[in-house]
Amino acid sequence: VRLSQANLLGEPYEPGAFFDEMYEGTGTPRTHYRALAEQLAGLSAEEFEERRHAVGVSFLNQGIGFTVYGEDESLERIFPFDLIPRVIPRAEWDLLERGLVQRVRALNLFLADIYHRQRILADGRIPPGLVFGARQFRREMIGIDPPGGVYAHIAGVDLIRDADGRYLVLEDNLRVPSGASYMLENRAAMKRSFAQLFHEHGVLGIDHYPQELLAALRSVAPPSATAPTIVLLTPGVHNSAYFEHSFLARHMGIELVDGGDLLCHDDFVYMRTTQGLERVDVIYRRVDDEFLDPLAFKKDSLLGTPGLLNAYRAGNVTLANALGTGVADDKAVYKYVPEMIRYYLGEEPVLDNVPTYLAADERERGYILDHLDELVVKTVDGSGGYGMLIGPASTAAERERFRGQIQSDPRSFVAQPTISLSRMPIYVDEVRPAHIDLRPFVLSGSVTTVVPGGLTRAALRAGSLVVNSSQGGGSKDTWVLRS
Amino acid sequence: VLSRVADSLYWTARYIERAEDTSRLLHVNFHAMLDADSSDHGDSWRDLLLAVGREQLFREHGGEVTAPAVTEFLLWHPANPDSVAACVSRARANARGVREQLSSEMWEHLNRLHLYVSQRRGRGVIARPHDFLAQVRDGSQAFQGVTKATLPRGEAYEFLQLGAHLERADSAARILSVKQASLFEEAPEPVAAARMVHVLKCVGAMEAYRKHENDRLAALRVVRYLLLDRQAPRSVLFCLERCLAAIRSISGTSERPERAIGRIVAELSFADVGFDVAALLQRVLRAVDETAAEIASAYFTTRVILPGPYAQQQQQQQ
């Protein structure tokens, strides 16, 4: 199929040096995009714009937004959404699913190991200094047995594709990953605007995500709780992901609480209700470790609940995710995840890592400092796309600033080659290619599962490689095909 | 439900009802002004301010009692904490904090109303506020209707009912206490009738009253109807009985809210034929305040939200 110029998709663009999700060559859609391309080609820009507007209005009416809420309510912005879906063929997804489950299982085994016997360190497979030196390593967790041995109940693993179309893992987000609600709202918006496309494509459903999550949370309740009370702990309405917290609580039918709603007494956690105190067994917490308990961590935290850590240590409440999972998504420890898979599972990794250089290693540091203009430099515990240096797009001054920081605190930095993220068309006034990634959500309870799909994020600014919503990224619906 | 949730639901309902009641007062007054025989323009605008309890605040900030000045003050003047815009905005802010407790339809109606109100400011609206006021009334009524149609009858529902009905009772009692004296004044038949119609419309009970009593209008009957009728959904007794029912099904750990409201409901239920209207209304208003205070101390814990570091700490993300 070669597309004409007189349609929505416009003049075909050159894939260039990037892997294009939709096109094999200039203007030739891949097999699994053919039906979509034909449908879109049948639309005029006006028709498309009309549906886009309708989605915008409905997001606005529903208050689907992500920014902060202060005195000035105009700060609430709706989540930018692109109406051209990303399509993943079944065979490709099966591979991803296998790779994701394998990876998260290994990461959970790693966490259990380093907070107990630390065999992997004793066997010399990971440098101990790297683990103990990680800011997110929590000594408080040593010897604690979370129910089912699960630490990272919810993982948001970021996948990208290199110039050959090979899937690579860019980051494992094991602390409080966001985005599942946008994945679900994007799907709902697409169903409203392009019902016809769903009939023709056979797209696997994702709407059961909240129930899967609830089942996972229920499966890790303390053994003493027969009918566990599960709550979602939010930092509050000012948090950028508050919409998601409220969304998930509503769809799981559980209470949304903030730190002040909870109270710890004799190592049990309760919530304050109009009928008195009610016991809480599982906390799906969307508050970072450091803010959870002012008695154990940041003393000035107003978001947490005093005594929570003791209740947790006593085994009377489950935290999901567990404390201290951040050590496993540390960007230096990340380098060793393939090693963890081999060590704990005796398998070869299904999904590869992006090559990573550790500034903590003297030889690799030398390489990083010599190649700052080619590499992407990241802080090891950063998230949200903050604190990054993208070498090829950087100024000399920025590079010098990072050089100084790397030399004075090498443990805090890693570098990776600049990956040419794959691209696909987005519609912003016209159709043009944009870089994308994919964040599927991996749930671990008594079993480890992934709902077929994820959040595809697109860098809306022309040429940008950063897809984080806090950095001007938007998102797309992600379709995993039935066949 | 959580104490914080109960607090927010109760105030969501109070604020949305307050926005509707203020809109209705403005609406009715604008229409009344168009009748040739109404000669008391300034007075009726001042009555409006008295009915919402903001006469003094208006004098501090507003100055002259004119239609545009009072309208602006009641619609969105920043100095008025009970302006329609402020009420809608606070209803929405409260709902946003407990969004998972509402049905998505409820939230969407409220959010749409908020977007509508926050996007329409201007002299055009003040000169011809009909559409704006109708939208606020519709938004509030749609929210309350959708609540009935979608929300399970649990505690969350009861707190919404409690807030809405307490606010409605308060509003009806205030209007009556501002206007009742004028109803009993000697006046030519058409003027007296217009006054009674005006009061009935301000409470939103004109059509209901006509169905109840299609006879000639009589001041005492109108007052009794607005205060004591058990079928009229906006009468004071009706609303207070609904509050009592809501409190009974919430049945927290304290009996004080029930006692506070039960006393006034009993008094109204057994009111003598020749009661002193003004004194009774004062007791109703006092009981409403007392009930509100008892509700707050029985069900909502005192919570202090500190600006600054608190909001900053909330901004973590991954």
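Residues numbered from 1 in each chain as written. Chains lettered and ligands numbered in written order. Predicted model: local features only at pLDDT ≥ 70, side-chain atom pairs only at ≥ 80, totals over all residues. Heavy atoms only, no water.

**Digging into the overall build of chain A**
Argument step 1. Counting secondary structure elements, chain A contains 14 helices and 23 strands.
Argument step 2. Rg of the C-alpha trace for chain A: 23 Å, near the compact-globule value of 23 Å for 483 residues, within the 12% margin.
Argument step 3. Projected onto its principal axes, the C-alpha positions of chain A cover 70 × 60 × 45 Å.
Argument step 4. With 483 residues in all, chain A has 61% of them scored as buried.
Argument step 5. Considering only contacts in chain A between residues 6 or more positions apart, those separated by 24 or more positions represent 68%.
Argument step 6. Of the side chains in chain A, 49 bear a positive and 64 a negative charge, and the two mean positions are spaced by 3 Å. (Helix = DSSP H or I, 4+ residues; strand = E, 2+ residues; numbered from the N terminus. Rg over C-alpha atoms; globule rule 2.2 N^0.38 Å. Buried < 20%, exposed > 50% of the residue type's maximum accessible area, 1.4 Å probe, protein only. Contact = heavy atoms within 4.5 Å. Lys, Arg positive; Asp, Glu negative; His and termini not counted. Charge placed at Lys NZ, Arg CZ, Asp CG, Glu CD.)

**Side note on the sheet that holds strand E15 (residues 375-379) of chain A**
Hydrogen bonds between backbone atoms are what pair the strands of a sheet, whose relative direction is either parallel or antiparallel.
Residues and elements named next belong to chain A.
Argument step 1. Strand order in this open sheet of four strands is E14-E17-E15-E16, and the pairing throughout is antiparallel. With one partner strand each, in any of the chains shown, strand E14 (357-358) and strand E16 (388-390) form the two edges of the open sheet.
Argument step 2. Two strands pair when backbone bridges link them, and E15 and E16 are joined in this way by three bridges, in the antiparallel orientation. Paired with Lys378 across the two strands is Met388, which belongs to E16.
Argument step 3. The sheet strands contacting helix H14 (residues 396-408) are E15, E16 and strand E17 (413-417), and the helix crosses E16 at an angle near 130 degrees. (Pairing = 2+ DSSP bridges. Axes fitted to C-alpha atoms, helices over the stretch in contact; angles between N-to-C directions.)

**What about the confidence of the model for chain B?**
Residues and elements named next belong to chain B.
Argument step 1. Taken residue by residue, chain B gives an average pLDDT of 89. The fraction at 70 or more is 91%.
Argument step 2. Taken as a whole, residues 302-307 scores under 50 in pLDDT and shows seven contacts with residues more than four places along the chain or in a different chain.
Argument step 3. Listed scores for the predicted complex are pTM 0.86 and ipTM 0.76. (pLDDT = per-residue confidence, 0-100.)

**A few points about the environment of Asp373 of chain A**
Residue and element names in this part refer to chain A.
Argument step 1. Residue position: Asp373 is located in the loop between helix H13 (362-370) and E15.
Argument step 2. Sequence separation between Asp373 and Ile142 is 231 residues, and the spatial gap between their C-alpha atoms is 41 Å.
Argument step 3. Setting aside its immediate chain neighbours within four residues, Asp373 contacts Gly391, Pro392 and Arg399.

**Re the sheet that holds strand E12 (residues 318-320) of chain A**
Residues and elements named next belong to chain A.
Argument step 1. If you walk across this open sheet you meet the four strands as E7-E6-E11-E12, and the pairing is parallel. Looking at which strands have only one partner, the edges of the open sheet turn out to be strand E7 (255-257) and E12. When strand polarity is set aside, the average angle formed by the axes of neighbouring strands in this sheet is 30 degrees.
Argument step 2. Summarising the sheet, strand E6 (residues 230-233) and strand E11 (residues 282-285) pair through four bridges and their orientation is parallel. The residue of E11 that forms the bridge with Leu233 is Arg285.

**Quick word on the side chain of His27 of chain B**
Argument step 1. Inspection of the secondary structure puts His27 of chain B in helix H1 (residues 3-33).
Argument step 2. When neighbours within four sequence positions are excluded, His27 of chain B is seen to be in contact with His130, Leu133 and Arg137 of chain B.

**Thoughts on the pattern of salt bridges**
Argument step 1. Scanning all chains against the criterion turns up 55 salt bridges over all chains.
Argument step 2. The shortest N-O distance in the salt bridge between Arg4 of chain B and Asp258 of chain A comes to 3.6 Å. Remark: Asp258 of chain A occurs in the loop between E7 and strand E8 (262-265) and Arg4 of chain B occurs in helix H1; the pair is interchain, linking two chains.
Argument step 3. Two residues, Arg137 of chain B and Asp138 of chain B, come together in a salt bridge whose shortest N-O distance is 3.1 Å.
Argument step 4. For Arg137 of chain B, a relative accessible area of 29% corresponds to the partly exposed category.
Argument step 5. Residues joined by salt bridges that share partners form a network here, namely Glu17, Glu20, Asp21, Arg24, Arg168 and Arg234 of chain B. (Salt bridge = Lys/Arg side-chain N within 4 Å of Asp/Glu carboxyl O.)

**A short note on the pairing of strand E3 (residues 81-88) of chain A**
Argument step 1. Of all eight residues that make up E3 of chain A, eight are buried, and the element is covered over most of its length.
Argument step 2. The two faces of E3 of chain A match: Phe81, Leu83, Pro85 and Val87 of chain A on one face and Asp82, Ile84, Arg86 and Ile88 of chain A on the other face are all buried.

**Topic: the packing of aromatic side chains**
Argument step 1. As enumerated under the stated definition, the model contains 24 aromatic pairs over all chains in all.
Argument step 2. Both rings, one in Tyr357 of chain A and one in Tyr367 of chain A, keep their centres 4.7 Å apart while their planes meet at 40 degrees; by these two values the pair is tilted. Pair noted here: Tyr357 of chain A is in strand E14 and Tyr367 of chain A is in helix H13, with a separation of ten residues, a long-range link.
Argument step 3. Relative to Tyr299 of chain B, the ring of Phe159 of chain B has its centre 5.3 Å away and its plane inclined at 85 degrees; by these criteria the two rings are edge-to-face. Here Phe159 of chain B, found in helix H9 (residues 155-184), pairs with Tyr299 of chain B, found in helix H15 (residues 277-299); they are 140 residues apart in sequence, far enough to count as distant. (Phe/Tyr/Trp six-rings, centres within 6.5 Å; stacked < 30°, edge-to-face > 60°.)

**Description of unusual backbone geometry**
Residues and elements named next belong to chain A.
Argument step 1. A cis amide bond links Ala320 with the next residue in sequence, Asn321, at an omega value of -5 degrees.
Argument step 2. Tracing the backbone shows Asn321 in the loop between E12 and helix H12 (337-345).
Argument step 3. The backbone of Gln118 sits at a positive phi, close to 60 degrees, despite the residue not being glycine.
Argument step 4. With respect to the helices and strands, the residue Gln118 is situated in the loop between helix H3 (90-114) and helix H4 (119-122).

**Examining the state of the cysteines**
Residues and elements named next belong to chain B.
Argument step 1. For the structure shown, the criterion picks out zero disulfides over all chains.
Argument step 2. No disulfide involves Cys202; its nearest neighbouring cysteine sulfur is the one of Cys239, lying 16 Å away.
Argument step 3. Looking at Cys202, the relative accessible area reads 4%, which means it is buried.
Argument step 4. Sulfur of Cys239: no disulfide; nearest cysteine sulfur belongs to Cys243 and is 6.9 Å away. (Disulfide = S-S within 2.5 Å.)

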